[in-house]
Amino acid sequence: MVSIKIPACWRILFSFLLAFITHSSPQLACFSKMVSLASAASTFTARVQAAADNSEANALLKWKDSLDKPSQDLLSKWRGASPCKWEGIQCHKSKFVSSINLTNYGLTGTLHTLNFSAFPNLLSIDIYNNSFYGTIPPQVGNMSKVTVLNFSANYVRGSIPQEMWTLRSLQGLDLSICQLSGAIPKSIANLSNLSYLDLGKNNFSGPIPPEIGKLNKLSCLNIAFNNFFGSIPQEIGMLTNLKILLLSKNSLSGTIPKTIGNMSSLNLLHIANNSLLSGPIPSSIWNMSNWTLIHLYANNLSGSIPDSIENLVNLENLGLHNNHLSGSIPSTIGNLTKLTILDLSFNNLSGSIPPSIGNLINLYRLGLQRNNLSGTIPATIGNLKSLTILELSVNKLNGSIPQVFNNMNWCH
């Protein structure tokens, strides 16, 4: 009898307490509901997470299955339902895939079976130096949060899909060393957060759009080794945060814009091998002390080298060869004591070689051949203990070779 009454009493007491809590203490009732909601939310989040894991895993596995057999073998560790543990895949704290890094894996296949929409939180995808081929699918534009895209050193061809120019979160875009073609559209201005843009060594053509000047966060711009034509837009001078500018090996024409002098952060300028690029070197270039490299060779430039070259005190590499420069070599060139390479060959320079050239104690290459230089070879060249390459042929030099040359280690 006792064993029956005790549980009954407990049931009655529990019902009484529950009624009391519910009707007499709204706060406690609310708390009870909050606990229930939190538990439900936690369960829902877990289910969403599991579904996301499954979606991302399935997308990656489907892509893997589309690659050739050796590539699938290289990704043999891709199995299971949690891609966060897979090789080349990184996730952030929420367990969503944040990075795909498959550089130098030796993979062969296309990007068309990769469901970009399955990765809403992807920040970076890097497939540098593989053998991916085909075109870049327009679905790449679905990765609204992506900050870094590196498809370089692959066999990707065709034009860049318009959808890529809508990725406003992009900070780094590297499509170099591929087989891409087409023009750069005005909509490149949408990529206002871009700090690194490398389109070098492709088959792009058309003019450089003036809108490129709106990418004011750029620190590196490389569009060398393409087929761009037309003039270098004045707006390029608006890229005041740019440190590296590479425009070589195109078909650019006109003159080098004076606005380059506005690019106060620039320290590496490479505008070579554009045979239609003519006119003088802008005077503003000679006033920028932060230069470390200037390559303007194999163009059709004219004019003289001014005394103000002395301002380039941090310059290490100066290549002005294969142009139509004239006048004398200014003695102030001796102020550039950090120079390691000085190449002024294949121009129309005249006058004597300034003795101050002996101040360039870090020089290991001096190219002055095929000019109209006259006078004697200055003995001060003997001060250049690091010099291994000296090119003075096809000039109008006279006199004897300085004896100090006998103590130097020449390469030729």
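Owing to the predicted nature of the structure, the values given are computational and were not obtained by experimental measurement. (Residues numbered from 1 in each chain as written. Predicted model: local features only at pLDDT ≥ 70, side-chain atom pairs only at ≥ 80, totals over all residues. Heavy atoms only, no water.)

### Some thoughts on the overall build of the protein
Working step 1: Of the regular secondary structure elements, the protein holds 3 helices and 27 strands.
Working step 2: With 412 residues in all, the protein has 46% of them scored as buried.
Working step 3: In the structure as shown, the protein presents an accessible area of about 19,600 Å², 56% of it carried by carbon and sulfur atoms. (Helix = DSSP H or I, 4+ residues; strand = E, 2+ residues; numbered from the N terminus. Buried < 20%, exposed > 50% of the residue type's maximum accessible area, 1.4 Å probe, protein only. Areas by Shrake-Rupley, 256 points an atom, 1.4 Å probe, with all protein chains shown as cover.)

### Structural notes on unusual backbone geometry
Working step 1: The phi dihedral of Asn104 falls on the positive side, at around 60°, and the residue is not glycine.
Working step 2: Residue position: Asn104 is located in the loop between β2 (97-101) and β3 (108-109).
Working step 3: Note on Asn104: relative accessible area 48%, which makes it partly exposed.

### What about the nonpolar core?
Working step 1: Ranked by internal contacts, the top residues of the largest apolar core, which has 103 residues, are Leu149 and Ile260.
Working step 2: Those elements that place two or more of their residues in this core are α2 (26-66) and β2.
Working step 3: A per-element tally of this core places α2 first, with 4 residues.
Working step 4: If sequence neighbours within four positions are ignored, Leu149 has contacts with Ile125, Val140, Met143, Met164, Leu167, Leu170, Gly172, Leu173 and Asp174. (Core = buried A, V, L, I, M, F, W, Y, C linked by side-chain atoms within 4.5 Å. Contact = heavy atoms within 4.5 Å.)

### Quick look at the environment of Lys243
Working step 1: Mapping Lys243 onto the fold places it in the loop between β13 (227-231) and β14 (244-246).
Working step 2: C-alpha separation for the pair Lys243 and Ser219, spaced 24 residues apart in sequence, amounts to 5.1 Å.
Working step 3: Ignoring anything within four residues of it in the chain, the contact list for Lys243 reads Ser219, Ser265, Leu266, Asn267 and Leu268.

### Details of the confidence of the model for the protein
Working step 1: When pLDDT is averaged along the protein, the result is 88, and 86% of the positions lie at 70 or above.
Working step 2: In the predicted structure, residues 1-53 sits below a pLDDT of 50 and forms 13 contacts with residues beyond four places in sequence or in another chain. (pLDDT = per-residue confidence, 0-100.)

### Focus on the packing of aromatic side chains
Working step 1: Counted according to the given criterion, the structure contains 3 aromatic pairs.
Working step 2: Judged by centre distance (6.3 Å) and plane angle (15°), the ring pair of Phe204 and Phe228 falls under stacked. Note that Phe204 is positioned in strand β11 (residues 203-206) and Phe228 in strand β13, a separation of 24 residues in sequence. When sorted by exposure, Phe204 lands in the same class as Phe228, which is buried.
Working step 3: The ring of Phe225 has Lys201 sitting right over it, with the charged end atom 5.4 Å from the ring centre. (Phe/Tyr/Trp six-rings, centres within 6.5 Å; stacked < 30°, edge-to-face > 60°. Lys NZ or Arg CZ within 6 Å of the ring centre and 35° of its normal.)

### A short note on the pattern of salt bridges
Working step 1: Under the defined criterion, the tally for this structure stands at 3 salt bridges.
Working step 2: A salt bridge links Asp73 to Lys69, with the nearest nitrogen and oxygen atoms 2.9 Å apart. One end of the pair, Asp73, and the other, Lys69, are both in helix α3 (residues 69-74), 4 residues apart, so they sit about a helical turn from each other.
Working step 3: We classify Lys69 as exposed; its relative accessible area is 53%.
Working step 4: Note that Arg365 is salt-bridged to Glu391, the shortest N-O span being 3.5 Å. (Salt bridge = Lys/Arg side-chain N within 4 Å of Asp/Glu carboxyl O.)

### With respect to the pairing of β11
Along a regular strand, successive side chains alternate from one face of the sheet to the other.
Working step 1: By the alternation rule, side chains of β11 split into Phe204 and Gly206, which are all buried, and Asn203 and Ser205, of which none is buried.
Working step 2: Note: strand β9 (residues 179-182) against β11, 2 bridges, orientation parallel. Within the sheet, the bridge partner assigned to Gly182 lies in β11 and is Phe204.
Working step 3: Relative to β13, β11 runs parallel, the two being bridged by 2 bridges. Note that in β13 the partner of Gly206 across the bridge is Phe228. (Pairing = 2+ DSSP bridges.)

### Here's the deal with the pairing of strand β7 (residues 155-159)
Working step 1: With 2 bridges joining them, strand β5 (residues 131-134) and β7 adopt parallel strand pairing. Among the inter-strand pairings, Gly134 is bridged to a residue of β7, identified as Val156.
Working step 2: Relative to β9, β7 runs parallel, the two sharing 3 bridges. Directly across from Gly158, in β9, lies its bridge partner Leu180.

### Overview of the state of the cysteines
Working step 1: Under the defined criterion, the tally for this structure stands at 1 disulfide.
Working step 2: Linked covalently through their sulfurs, Cys84 and Cys91 form a disulfide whose S-S length is 2.1 Å. Measuring handedness by torsion sign, the sulfur bridge of Cys84 and Cys91 sits at about -95° and is left-handed.
Working step 3: Under the relative-accessibility criterion, Cys91 is labelled partly exposed at 24%. (Disulfide = S-S within 2.5 Å.)

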